[in-house]
Amino acid sequence: MAVTKVFPASAIRDAYALGLREFGENYVQEFEGKHPEVADLEGARFHLIGHLQSNKSRRAAELFSVIQTVDSAKLARKLDETGAPLEIMLEVKLSEEESKYGAAPETVAALAAAVRQCSHLRLSGLMTMPPWCEDAEQSRPYFRRLRQLAEAVQLPGESMALSMGMSHDFEAAIEEGATHIRVGTALFGKRKLPQGEAP
Ligand SMILES: *Cc1c(COP(=O)(O)O)cnc(C)c1O
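Residues numbered from 1 in each chain as written. Predicted model: local features only at pLDDT ≥ 70, side-chain atom pairs only at ≥ 80, totals over all residues. Heavy atoms only, no water.

Novice: I'd like to hear about the site of the ligand, residue by residue, with values.
Specialist: Neighbouring the ligand are 13 residues, the closest being K5, N26, S167, T185 and R191. Contact distances for the ligand include 2.7 Å between an oxygen atom and a side-chain N or O atom of K5. In isolation the ligand exposes 390 Å². Once the protein is present, 94% of that is buried. Each residue belonging to the shell around the ligand can be placed in one class, and the counts come to 6 nonpolar, 4 polar and 3 charged. (Near = heavy atom within 4 Å. Polar contact = N/O pair within 3.5 Å; in protein donor to acceptor, adjacent residues only side chain to side chain. Areas by Shrake-Rupley, 256 points an atom, 1.4 Å probe, with all protein chains shown as cover. Nonpolar A, V, L, I, M, F, W, Y, C, P; charged D, E, K, R; others polar.)

Novice: Summarise the sheet that holds strand β7 (residues 161-163); cite the residues concerned and give the values.
Specialist: The parallel open sheet is built from 7 strands, whose spatial order is β1-β2-β3-β4-β5-β6-β7. What marks the edges here is a single partner per strand, and that holds for β1 (2-3) and β7. The sheet contact formed by β1 and strand β2 (residues 22-25) spans 2 bridges and is parallel. Considered in β2, the bridge of V3 is made with G24. (Pairing = 2+ DSSP bridges. Helix = DSSP H or I, 4+ residues; strand = E, 2+ residues; numbered from the N terminus.)

Novice: Give me the pattern of salt bridges: which residues, what numbers.
Specialist: Where charged atoms from two side chains of opposite charge approach closely, those side chains can pair. The tally for this structure, following the rule as stated, stands at 15 salt bridges. Close ionic contact of E32 with R59 constitutes a salt bridge, the shortest N to O distance being 2.2 Å. Taken together, the residues span a long stretch of sequence, with E32 in helix α2 (residues 28-38) and R59 in helix α3 (residues 57-63) at a distance of 27 residues. For R59, a relative accessible area of 32% translates into the label partly exposed. When the shortest N-O distance is used, the salt bridge between E176 and R144 registers 2.8 Å. Of the two residues, E176 is situated in the loop between α7 (170-175) and α8 (185-188) and R144 in helix α6 (residues 140-153); the sequence distance between them amounts to 32 residues. The class of E176 is buried, set by a relative accessible area of 5%. By sharing partners, the salt bridges in this structure join E137, R140, R144, R147, E151, E175 and E176 into a single network. (Salt bridge = Lys/Arg side-chain N within 4 Å of Asp/Glu carboxyl O. Buried < 20%, exposed > 50% of the residue type's maximum accessible area, 1.4 Å probe, protein only.)

Shape is all these values report; function is a separate question.
Written as structure tokens, this is what we have:
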């Protein structure tokens, strides 16, 4: 997936012209601004990969096809209430430090069950973001754990997508079974940091 946060709508259009169809955005409000310029791109799918506050769930359901960052049953129910046919991934927090968001691994089975009960939602997989480290090998144990967790919570006949790996560690993620890698910098260059975001 092409991660286009901070970049203008023209970057999405350029990437689309080169054949990319899956796009990741972090902020509902930022994508709301770009959406009119990319709404005509047939077959393009937009994934929310940043934290979603439940008061923005209605707008998010209008703008995105996939919400990768569901980490509570309450948020799942809010999204279900919108009636939009959404694809859902559960964001899992596999490390104590850093990321504030994501469900604890021991809660994922219950959360998966809650999403499966929502009639408008389709659970498609798990997503994670390991603590940032230049050395991709440091990410590998997290990728492996996400895959094992997916195997543990999937139902017979269900196949779980794994959204894991970014510009600096996507090779390791693919080796560990990633179905979605989320690549920004390696495609578009360095971003200017939005206020408040850690590097
Ligand atoms: C920004 C971001 C990415 C892309 O990171 P790069 O290092 O630029 O490839 C991937 N996933 C999430 C959740 C992000 O916020």
